[in-house]
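One-letter residues, chain by chain:
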Amino acid sequence: MLRLPRVYPITDVGITGLSHAEQVSRLSDGGASFVQLREKNLTPRDFYEQAKVALAVAHSRKVQLIINDRVDLALALQADGVHLGQDDLPPEAARTLLGPQAIIGFSTHTLEQARKAATLPIDYLAIGPIFRTATKADTAPEVGLAGLNSVRGAVGNLPLVAIGGITPANAQDVIEAGADSVAMISALLSSRNIADCIRALLLSLELP
Ligand code: TZP
Ligand code: MG
């Protein structure tokens with residue numbers, strides 16, 4: 001069973017103005033051991049080039065790195081895995097392509113989707129948006145802490161990542177509602193010092 005760190009950082013070039021590689025470097029300085037690269041604007045060719053550099057940085061620091069959306073890039077780069085949405089390649093197909101060792105994560109937005117996802121060949125499930133977020137356009141309705149708690153109950157001990165509107169101020173509540181890990185984009189990446197921010201979060205959310 002995959003053991004995710006309490007904080008699940010996701011890169012965003014638009015928010016930071018930094019390359020994916022530089023974001024991985026700063027996150028790793030703050031203690032991140034797992035990062036998702038998320039890129040919605042570059043061509044596949046340019047994302048491939050950027051992800052290649054980011055992966056070299058990650059692996060030189062023993063950070064696991066997974067790629068949002070693109071199974072082809074994950075495969076070509078030998079990344080640690082992929083994070084898929086409801087409209088991406090199905091997790092079964094990704095598993096066939098990437099093999100048993102790859103980390104495959106899958107986004108869900110409702111209890112029903114989460115129930116179905118729990119039967120798929122995935123390593124963790126993401127549920128969100130938990131709260132309102134400006135980072136992703138056209139998100140599904142907010143799941144809320146009660147919704148998150150129902151998902152926790154429905155998916156057994158499958159690793160569960162909560163995403164959407166999570167900040168240092170509400171992260172503890174999200175963990176208490178049943179998430180194993182909190183994904184963060186804007187709250188982490190728009191902080192003055194990314195490394196200090198994730199370091200403090202990892203410390204505060206550590207298991208007792
Ligand atoms: N999926 C659901 S909400 C979201 C994604 C990618 C955006 C999360 O960003 P933030 O800034 O942590 O709210
Ligand atoms: Mg996606």
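Structure: above.
As a starting point, this report considers the structure included with it. (Residues numbered from 1 in each chain as written. Chains lettered and ligands numbered in written order. Predicted model: local features only at pLDDT ≥ 70, side-chain atom pairs only at ≥ 80, totals over all residues. Heavy atoms only, no water.)

1. Section: the environment of alanine 79
Okay, so step 1: Inspection of the secondary structure puts alanine 79 in the loop between α4 (71–77) and β4 (81–84).
Okay, so step 2: Along the backbone, alanine 79 and alanine 51 are 28 residues apart, and their C-alpha atoms lie at a distance of 9.0 Å.
Okay, so step 3: Discounting residues that sit within four places of it in the chain, alanine 79 has contacts with Leu55, Leu65, Ile67 and Ala74. (Helix = DSSP H or I, 4+ residues; strand = E, 2+ residues; numbered from the N terminus. Contact = heavy atoms within 4.5 Å.)

2. Describing the coordination of the magnesium ion (ligand 2)
Okay, so step 1: Those donors, Asp69 (OD) and Asp88 (OD), are the protein atoms that reach the magnesium ion (ligand 2), and they lie 1.9 to 2.7 Å from it. In this pair, aspartate 69 sits in the loop between β3 (64–68) and α4 while aspartate 88 sits in the loop between β4 and α5 (91–98), placing the two residues 19 residues apart along the sequence.
Okay, so step 2: Using a relative accessible area of 21% as the deciding quantity, one classes aspartate 69 as partly exposed. (Donors = N, O, S within 2.8 Å, 3.2 Å for Na, K, Ca; no water. Buried < 20%, exposed > 50% of the residue type's maximum accessible area, 1.4 Å probe, protein only.)

3. Focus on the site of ligand 1
Okay, so step 1: Every residue close to ligand 1 is listed here: Arg38, Thr133, Thr135, Lys136, Ile163, Gly164, Gly165, Met184, Ile185 and Ser186.
Okay, so step 2: The contact in question runs from an oxygen atom of ligand 1 to an N or O atom on the side chain of threonine 135, over 2.4 Å.
Okay, so step 3: At a separation of 2.8 Å, an oxygen atom of ligand 1 approaches a polar backbone atom of glycine 165.
Okay, so step 4: Class assignment for the residues of the shell around ligand 1 results in three nonpolar, five polar and two charged. (Near = heavy atom within 4 Å. Polar contact = N/O pair within 3.5 Å; in protein donor to acceptor, adjacent residues only side chain to side chain. Nonpolar A, V, L, I, M, F, W, Y, C, P; charged D, E, K, R; others polar.)

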